[in-house]
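Fold and contact review
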Amino acid sequence: MKFLLLMICSGWFCLLPAWTQTPKPLPSLPPKLEAVAETKLLMEGIALPNLEGVNKILKEKPDLAGWQFARGQSLLIAENGNLLMLRPPKSKTGQEVWMTRSSEMREMATLLARSIADKDLEKSRTNLAALTRTCNKCHENFRVDAKIKLD
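No experiment lies behind these values; they were computed from the predicted model shown.

Structural notes on the overall build of the protein chain
Helix and strand counts for the protein chain stand at five helices and zero strands. Along its sequence from the N terminus, the protein chain presents helices and strands in the succession α-α-α-α-α. Within the protein chain, counting contacts between residues at least 6 apart in sequence, those at least 24 apart form 63% of the total. For the protein chain, the computed accessible surface area is about 11000 Å², with 62% contributed by carbon and sulfur atoms.

In structure tokens, the structure reads:
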């Protein structure tokens, strides 16, 4: 019995140095945000499928799961606006328009998510149409040959 007690106690003493060590300090500078994916991939992989998904869900009055899913899709579009801000064009005038259009995308998608959270079908449809116009306005500004049409 004394041997078992000695083993248990000595095990605790072996762990004591690990408990008393202070963790390494975190770096003082936050990591740099940088774009990784191409803008086209963000549009084709995040914005468009989620926009089409919300449109499909809002064709008829969704059930609870539909409302929740559509809200998530809207918020992904809003986050895509944040991702777009990481990759502005090089020209100064292009940067200003890019940041304006990207923040408009985020704002309109956030409004859409709020109306969906409120389960307001008509307001959600109106906000979806406004978000679509926002996307097309940016495409016109940057001469992107893609017009978003939802039926």
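A closer look at helix α5 (residues 121–141)
Its 21 residues place the ends of α5 30 Å apart at the C-alpha level, agreeing with the 30 Å of an ideal helix rising 1.5 Å per residue. Listing the buried residues of α5 in full gives L121, S124, N127, L128, A130, L131, T132, T134, C135, N136, C138 and H139. Each element contacted by the buried residues of α5 is listed here: α2 (39–57), α3 (64–85) and α4 (92–117). For α5, the side-chain oxygen to backbone nitrogen distance between the N-cap and E122 is 3.5 Å, and the N-cap itself is D120. Phi for R143, located one or two positions after α5, is positive at around 50 degrees.

Re a nonpolar patch on the surface
Taken together, L33, L83 and L86 make up a surface patch of nonpolar side chains, about 270 Å² in accessible area. When you line up the elements, L33 lands in the loop between α1 (2–20) and α2.

Side note on unusual backbone geometry
The phi torsion at K119 lies on the positive side, around 55 degrees, for a residue other than glycine. Mapped onto the fold, K119 is located in the loop between α4 and α5. For K119, a relative accessible area of 40% corresponds to the partly exposed category. The phi dihedral of R143 is positive, around 50 degrees, even though this residue is not glycine. By the secondary structure assignment, R143 is in the segment after α5.

Quick look at the pattern of salt bridges
Two side chains with opposite charge may pair up if their charged atoms get near one another. Evaluation of the coordinates by the stated rule reveals three salt bridges. Note that K40 is salt-bridged to E44, the shortest N-O span being 3.8 Å. Of this pair, K40 and E44 both sit in helix α2, four residues apart, which is roughly one turn of that helix. For E44, a relative accessible area of 49% corresponds to the partly exposed category.

How each quantity is defined
Residues numbered from 1 in each chain as written. Predicted model: local features only at pLDDT ≥ 70, side-chain atom pairs only at ≥ 80, totals over all residues. Heavy atoms only, no water. Helix = DSSP H or I, 4+ residues; strand = E, 2+ residues; numbered from the N terminus. Contact = heavy atoms within 4.5 Å. Areas by Shrake-Rupley, 256 points an atom, 1.4 Å probe, with all protein chains shown as cover. Expected span 1.5 Å × (residues − 1). Buried < 20%, exposed > 50% of the residue type's maximum accessible area, 1.4 Å probe, protein only. Polar contact = N/O pair within 3.5 Å; in protein donor to acceptor, adjacent residues only side chain to side chain. Patch = residues over 30% accessible without salt bridge, like charges linked within 9 Å, V, L, I, M, F, W, Y side chains within 5 Å. Salt bridge = Lys/Arg side-chain N within 4 Å of Asp/Glu carboxyl O.

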